[in-house]
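# Coordinates in review
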Amino acid sequence: MEHLNLILPCILVVIAFLLKLVVDRSVEASNTIQAIIELPVDIIFLALTFAVAYTLTKTENQADGLFYGFVGIAFAIVIVLIWKKAQTLLLKGSYWWILLLFINLGISVFAVKKSIDLVIKDECQQVECTNEVKPE
């Protein structure tokens, strides 16, 4: 269970992706590509959720948490703009949407990693995590 902090958020994003893809829709290539292009938006809002959770856990976290929350909102705006531009390029038949998708994925994955690190770091401080090997 050592990587549960990464596995659970990934599972949540995959579930949201699959639900958007299959509920009340036929699974077609165009719908799948559009859902993939929209995936960074889901990821950034997952990151914002972690930043909010970090902010609300302790009063000492509020200043840092609000800062990360505002930075996350700025990232979300950029990601939504890039998502819309990628969608427009896809509909026009240009392949530049692929580059925009990878840029968007890079930004959103970076943001979710940082927000998970915030929560993990805070949790470790509460229980005094160490990397020491304990004798048997």
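See the structure printed just above.
This section reports on the structure supplied with the text. All of these numbers come straight from a predicted model, not from anything done at the bench.

Our next topic: the environment of Gly-65. Relative to the elements of secondary structure, Gly-65 occurs in helix α3 (residues 62-92). For the pair formed by Gly-65 and Ser-115, sequence separation is 50 residues and the distance between their alpha carbons is 9.5 Å. Each residue touching Gly-65, except ones within four places of it in the same chain, is listed here: Ala-51, Tyr-54 and Thr-55.

We now examine a nonpolar patch on the surface. Taken together, the side chains of Leu-4, Ile-7, Leu-8, Ile-11, Ile-15, Leu-19, Val-22, Val-23 and Val-27 make up a nonpolar region of the molecular surface, amounting to roughly 770 Å² of accessible area. Tracing the sequence through the fold places Val-27 in the loop between α1 (4-22) and α2 (29-57). Judged by its relative accessible area of 55%, Val-27 is exposed.

On to the packing of aromatic side chains. Ring pairs (aromatic) are described by centroid distance and by the angle formed between their planes. Here the structure, examined in full by the defined rule, presents one aromatic pair. Looking at Lys-84, its charged tip hangs above the ring of Trp-83, at a distance of 4.4 Å from the centre.

Turning our eyes to something else, we now look at the environment of Val-52. Within the fold, Val-52 resides in helix α2. When the C-alpha positions of Val-52 and Val-119 are compared, they lie 9.8 Å apart, and in sequence the two are 67 residues distant.

It is the contact of α2 with α3, at a shortest axis distance of 9 Å, that shows an interaxial angle of 175 degrees. Relative to α3, the element α2 lies roughly antiparallel. When its residues are assigned to classes, the contact of α2 with α3 shows 19 nonpolar, seven polar and two charged.

Each turn of an α-helix holds 3.6 residues, which means side chains three or four residues apart point in the same direction. The end-to-end C-alpha distance of α1 is 26 Å, a good match for the 27 Å that 19 residues give at a rise of 1.5 Å each. Within α1, burial applies to Pro-9, Val-13, Phe-17 and Leu-21. Burial along α1 is one-sided: seen end-on, the buried residues are contained in an arc of 110 degrees. In the stretch just after α1, Asp-24 is the one whose phi turns positive, near 60 degrees.

In this structure, Ile-37, Ile-44, Trp-97 and Val-112 are the most contacted members of the largest nonpolar core, which totals 25 residues. Taken together, the elements giving at least two residues each to this core come down to α1, α2, α3 and α4 (96-127). Here this core takes nine residues from α2, the largest share from any one element.

Let us now look at the packing of α1 against α2. Interaxial distance between α1 and α2 falls to 9 Å at its minimum, and their mutual angle equals 140 degrees. It follows that α1 is oblique to α2 by the angle criterion. Remark: the crossing between α1 and α2 carries right-handed chirality. In this structure, α1 uses Pro-9, Leu-12, Val-13, Phe-17, Lys-20 and Leu-21 to contact α2, whose residues at the interface are Asn-31, Thr-32, Ala-35, Ile-36, Glu-38, Leu-39, Asp-42, Ile-43, Leu-46 and Phe-50. For the contact of α1 with α2, the per-class residue count stands at 11 nonpolar, two polar and three charged.

Conventions we followed
Residues numbered from 1 in each chain as written. Predicted model: local features only at pLDDT ≥ 70, side-chain atom pairs only at ≥ 80, totals over all residues. Heavy atoms only, no water. Helix = DSSP H or I, 4+ residues; strand = E, 2+ residues; numbered from the N terminus. Contact = heavy atoms within 4.5 Å. Patch = residues over 30% accessible without salt bridge, like charges linked within 9 Å, V, L, I, M, F, W, Y side chains within 5 Å. Areas by Shrake-Rupley, 256 points an atom, 1.4 Å probe, with all protein chains shown as cover. Salt bridge = Lys/Arg side-chain N within 4 Å of Asp/Glu carboxyl O. Buried < 20%, exposed > 50% of the residue type's maximum accessible area, 1.4 Å probe, protein only. Phe/Tyr/Trp six-rings, centres within 6.5 Å; stacked < 30°, edge-to-face > 60°. Lys NZ or Arg CZ within 6 Å of the ring centre and 35° of its normal. Axes fitted to C-alpha atoms, helices over the stretch in contact; angles between N-to-C directions. Parallel < 35°, antiparallel > 145°, perpendicular 65-115°, else oblique. Nonpolar A, V, L, I, M, F, W, Y, C, P; charged D, E, K, R; others polar. Expected span 1.5 Å × (residues − 1). Arc of directions from axis to C-beta. Core = buried A, V, L, I, M, F, W, Y, C linked by side-chain atoms within 4.5 Å. Left-handed = near helix turned anticlockwise from the far one by under 90°.

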